[in-house]
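Observations on chain architecture
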Amino acid sequence: MLANRFYIREILDSSDVILPAVRRLYEGSLSVREQIPWEWISRAADGSRAWLPDKKRRHLTVVQPRGGDEKPLGFTFGSYLPRFGGYICYVAVDPIARGLGVATALYQNFYALMKEDARLN
């Protein structure tokens with residue numbers, strides 16, 4: 001069961017120690033032409049802490065194994081736009097974690113975040 005082996009958390013600080021590893025996963029999963037500057041993603045983590053009505057809200061979430069390993073197994077990055085809805089910009093799963101339900105858990109978590117953002121607006 002995924003919940004027993006892994007956990008999902010939102011990155012809420014651009015100084016989070018896992019961000020360099022998430023960056024490597026991001027840059028290794030997409031061609032350079034498909035990428036936005038990493039700084040836009042990492043800076044978005046700081047803005048997701050403070051909820052303000054009628055403002056865009058960004059979410060950067062990561063899946064990690066339980067037991068102290070700080071290696072990200074996958075991540076999502078996306079936004080909620082009031083009056084328009086939410087969208088995922090990027091999803092990546094480390095090749096060693098594919099087929100384990102990591103992407104499914106990431107999508108379900110992201111949809112829950114969008115639902116909560118919509119409820120708050």
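For the structure, see preceding data.
Bear in mind that the values here come from a model prediction, so they are computed numbers and not experimental data. (Residues numbered from 1 in each chain as written. Predicted model: local features only at pLDDT ≥ 70, side-chain atom pairs only at ≥ 80, totals over all residues. Heavy atoms only, no water.)

Two side chains bearing opposite charge may form a pair once their charged atoms approach each other closely. Summed over the entire model, instances satisfying the criterion amount to five salt bridges. The partner of aspartate 16 in a salt bridge is arginine 9, and the shortest N-O contact between them spans 2.7 Å. Of the residues examined, aspartate 16 reaches a relative accessible area of 16% and is grouped as buried. Between glutamate 27 and arginine 23 there is a salt bridge, with its nearest N and O atoms 2.9 Å apart. (Salt bridge = Lys/Arg side-chain N within 4 Å of Asp/Glu carboxyl O. Buried < 20%, exposed > 50% of the residue type's maximum accessible area, 1.4 Å probe, protein only.)

Tallied over the full model, the rule gives four aromatic pairs. On the basis of an interplanar angle of 40 degrees and a centroid distance of 5.6 Å, the ring pair of tyrosine 26 and tryptophan 38 is categorised as tilted. Residue tyrosine 26 is located in helix α2 (residues 19-29), and its partner tryptophan 38 is located in helix α3 (residues 38-47); the two are separated by twelve residues in the primary sequence. The same class applies to tyrosine 26 and to tryptophan 38, which are both buried. (Phe/Tyr/Trp six-rings, centres within 6.5 Å; stacked < 30°, edge-to-face > 60°. Helix = DSSP H or I, 4+ residues; strand = E, 2+ residues; numbered from the N terminus.)

Once that is clear, we can look at the side chain of histidine 59. On the secondary structure map, histidine 59 appears in strand β2 (residues 57-65). Of note is the side chain of histidine 59, whose polar atom sits 2.6 Å from the side chain of glutamate 10. When near neighbours in sequence (up to four residues on either side) are disregarded, histidine 59 contacts Glu10, Thr76, Phe77, Gly78, Phe110, Leu113, Met114 and Asp117. (Polar contact = N/O pair within 3.5 Å; in protein donor to acceptor, adjacent residues only side chain to side chain. Contact = heavy atoms within 4.5 Å.)

Here the focus is the environment of proline 65. Residue placement: proline 65 occurs in strand β2. Spatially, the C-alpha atoms of proline 65 and tyrosine 7 are 6.3 Å apart, while their sequence positions differ by 58 residues. Non-local contacts of proline 65, meaning those with residues more than four positions away in its chain, are made with Arg5, Phe6, Tyr7, Lys71 and Leu73.

Below, the discussion takes up the environment of glutamate 27. Along the chain, glutamate 27 turns up in helix α2. With 65 residues separating them along the chain, glutamate 27 and alanine 92 place their C-alpha atoms 9.8 Å apart. For glutamate 27, the residues in contact, after removing those within four places along its chain, are Gln35 and Trp38.

Time to look at the sheet that holds strand β1 (residues 6-10). If you walk across this open sheet you meet the four strands as β1-β2-β3-β4, and the pairing is antiparallel. The sheet terminates laterally at β1 and β4 (85-93), the two strands that pair on one side only. Here the average twist between neighbouring strands, direction ignored, is 20 degrees. Bridge count between β2 and strand β3 (residues 74-81): seven bridges; the pairing is antiparallel. Bridged to threonine 61 within β3 is threonine 76. Here helix α4 (residues 102-120) sits on the sheet in contact with β1, β2, β3 and β4, set at roughly 20 degrees to β3. (Pairing = 2+ DSSP bridges. Axes fitted to C-alpha atoms, helices over the stretch in contact; angles between N-to-C directions.)

With a phi angle near 70 degrees, arginine 83 is a residue other than glycine that sits in the positive phi range. Position of arginine 83 among the secondary structure elements: in the loop between β3 and β4.

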